[in-house]
Amino acid sequence: MQAKNSNHDITAECNAKYIALRTLGFRATFLFINFFLIIMALYQLKPASRSLFIESLGAERLPYIWIATAVTMGVFISYYHRLVERHSRINVVLGTCLTISILLVVFRVLMSHSTVWVAACFFVFVDILGVVLVEQFWSLTNSIYTTHEGKSWYGLVGTGGLVGGVAGGWVSAMLIRHTPLQTPDLLLTAAVIIGTIFALTWLMGRVGIYCEAEHVVRPHQKASGGWRILTHSRYLLLIAAILLLAQLASPLVEYQFLNTVEGAYPEREARTAFLSLFFSVLGMMSIAVNLGITPLVHRYLGAIAGLLVQPLMMFIFSWCFFLQSTLFFSSATKISDRALSYSINRASKELLYVPLDSVLLYQAKAWIDMFGYRLFKVAGSVVILLFTQWLPFQVSVPQLSWLTVSICAIWIGFIFVLRQDYQLVCESSGS
């Protein structure tokens, strides 16, 4: 009881500081800027890492690096969770930003020697960096909002990331095209942005924005039982199936896209500029769908219709790419995968979780997010290697569309099966 009163006193003392900055509008504005900078930095590093990897090893070796990334992520996350348990969240964020900024400078120095292993390590580093920074941001954000406040303000905060993606890609392209900077120099511009995030996070902590909200309900149960948690409910199994099928198709789409980009842009700086502009367009498409299409689909057709949009568009554009293997159709397939995943598919997925018990949901999502996604990303990479390199017969890059189309057909089938279960769960929960 004494500890509880002590925590209450600390929260009250924290809330008493800088009251104006603790208001919801100011807080959301700071978080919007913070998330904007995180994704802006990431979208400077993603085109650079892809372009440098293609230059050093070629797009055909991408599945190997995806497998290496998944394995490294699995090892890293276990150590990262121990770090979070021992230190305050804001100190972990500050330490992470400082470490990333230093490592980006180190990578830039190493790239002067143009070694293959540097490009490979940098690719893995960028993918892990993206997961860690975003996870840290939402972890801190979730600790300062109640559920009611989150429903009102998370849309604005999340939009900061979408706008940051547009700005990051556009700025990268402009720097490459209109300044003497080259692809490796984007590491230094990203390091400056992440240094700014460090300063902003420190300031937000100092002025009391990261005071934790009182009466925020969070599940304390550990995600034990692994995949067996999903067997408790056919509904959860169906949700896991459609999420993991998306993760299985994604490497196939990216492999086709980056191979096509490699052929269209053999020169590094032109390739980096194109990828940067592409990520900017992808961000704009996500915003447009999020603001213009998602609300209408959910209002008039429902969450299940929202889930169908992504696999249906991927099915159509993958078939078009098979018939006419152009950069336009590979780009359209990639946009239908990522832009729709970040917008209407994500919003529709969250609606599926609303009727579920919070503890069961927490455990199921932990398995899917921490293990299932990596497992199926590795599976997708192995499938690519199997059909393009390991089997006695080999298929071309356009012919991989048959696999994507097949996965999307199964994916759509699971969604139709899920529709009846979703209705039953909503009725039983009164949602």
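This write-up is about the structure you can find in this document. All values reported here derive from a predicted model rather than from experimental measurement. (Residues numbered from 1 in each chain as written. Predicted model: local features only at pLDDT ≥ 70, side-chain atom pairs only at ≥ 80, totals over all residues. Heavy atoms only, no water.)

1. Re the packing of aromatic side chains
Reasoning step 1: With the rule as written, the count across this model stands at 16 aromatic pairs.
Reasoning step 2: An angle of 80° between the planes, with centres 5.3 Å apart, marks the rings of Y43 and F279 as edge-to-face. Taken together, the residues span a long stretch of sequence, with Y43 in helix α2 (residues 24-57) and F279 in helix α9 (residues 268-300) at a distance of 236 residues. Side by side, Y43 and F279 carry an identical accessibility label, which is buried.
Reasoning step 3: Relative to F125, the ring of F107 lies with its centre 5.2 Å away and its plane at 40°, an arrangement referred to as tilted. Within this pair, whereas F107 is found in helix α4 (residues 89-110), its partner F125 is found in helix α5 (residues 116-144), the two being separated by 18 residues in sequence. Here F107 and F125 have matching classes, each one buried.
Reasoning step 4: One aromatic cluster is present, built from ring pairs that chain together Y43, F257, Y265, F274, F278 and F279.
Reasoning step 5: A cation over an aromatic ring shows up here: K46 above the ring of Y43, its NZ or CZ 5.4 Å from the ring centre. (Phe/Tyr/Trp six-rings, centres within 6.5 Å; stacked < 30°, edge-to-face > 60°. Helix = DSSP H or I, 4+ residues; strand = E, 2+ residues; numbered from the N terminus. Buried < 20%, exposed > 50% of the residue type's maximum accessible area, 1.4 Å probe, protein only. Lys NZ or Arg CZ within 6 Å of the ring centre and 35° of its normal.)

2. Here we look at the packing of helix α10 (residues 303-323) against helix α11 (residues 327-353)
Reasoning step 1: Packing of α10 against α11 leaves a shortest axis separation of 8 Å and a crossing angle of 170°. Classed by the angle they form, the pair α10 and α11 counts as roughly antiparallel.
Reasoning step 2: Its residues placed into classes, the contact of α10 with α11 shows 15 nonpolar, nine polar and two charged. (Axes fitted to C-alpha atoms, helices over the stretch in contact; angles between N-to-C directions. Parallel < 35°, antiparallel > 145°, perpendicular 65-115°, else oblique. Nonpolar A, V, L, I, M, F, W, Y, C, P; charged D, E, K, R; others polar.)

3. Notes on the side chain of D127
Reasoning step 1: Structurally, D127 is set in helix α5.
Reasoning step 2: Here R50 takes part through its side chain, which lies 3.1 Å from a polar atom of the side chain of D127.
Reasoning step 3: Here D127 is in contact with R50, T69 and M73, once residues within four sequence places are set aside. (Polar contact = N/O pair within 3.5 Å; in protein donor to acceptor, adjacent residues only side chain to side chain. Contact = heavy atoms within 4.5 Å.)

4. Let's talk about the nonpolar core
Reasoning step 1: Core analysis: the largest hydrophobic core is formed by 106 residues, its most contacted members being L62, L104, F122, I194, L352 and L418.
Reasoning step 2: In terms of residues, this core owes the most to one element, helix α8 (residues 234-264), which gives 18 residues.
Reasoning step 3: Counting five residues, the second-largest nonpolar core is a separate cluster that includes A48, L175, I176 and L186. (Core = buried A, V, L, I, M, F, W, Y, C linked by side-chain atoms within 4.5 Å.)

5. Brief notes about a nonpolar patch on the surface
Reasoning step 1: A cluster of nonpolar residues, L98, I102, L103 and V106, forms a patch on the protein surface that exposes about 320 Å² of accessible area.
Reasoning step 2: Relative to the elements of secondary structure, L98 occurs in helix α4.
Reasoning step 3: On the accessibility criterion, L98 (46% relative accessible area) is partly exposed. (Patch = residues over 30% accessible without salt bridge, like charges linked within 9 Å, V, L, I, M, F, W, Y side chains within 5 Å. Areas by Shrake-Rupley, 256 points an atom, 1.4 Å probe, with all protein chains shown as cover. Salt bridge = Lys/Arg side-chain N within 4 Å of Asp/Glu carboxyl O.)

6. With respect to the pattern of salt bridges
Reasoning step 1: A full pass over the atoms with the stated rule returns nine salt bridges.
Reasoning step 2: Put simply, R268 and E55 hold a salt bridge, and the shortest N to O gap is 3.5 Å. In this pair, R268 sits in helix α9 while E55 sits in helix α2, placing the two residues 213 residues apart along the sequence.
Reasoning step 3: Within the structure, one salt-bridge network assembled from shared partners comprises R50, D127, E254 and K334.

7. Remarks on the packing of α2 against α5
Reasoning step 1: Interaxial distance between α2 and α5 falls to 9 Å at its minimum, and their mutual angle equals 165°. Taken together, α2 and α5 sit at an angle that is classed as roughly antiparallel. In the crossing of α2 with α5, the sense of the turn from one axis to the other is left-handed.
Reasoning step 2: A class-by-class count of the residues in the contact of α2 with α5 yields 22 nonpolar, five polar and four charged. (Left-handed = near helix turned anticlockwise from the far one by under 90°.)

8. A closer look at α10
Reasoning step 1: The end-to-end C-alpha distance of α10 is 32 Å, a good match for the 30 Å that 21 residues give at a rise of 1.5 Å each.
Reasoning step 2: Considering bend angle alone, the principal kink of α10 is centred on V309 and spans about 25°; proline P311 follows within four residues of it.
Reasoning step 3: Taken as a whole, α10 has its buried residues at A303, I304, G306, L307, L308, Q310, P311, M314, S318 and F321. (Expected span 1.5 Å × (residues − 1). Bend = angle between axes of the 7 residues up to and from the residue.)

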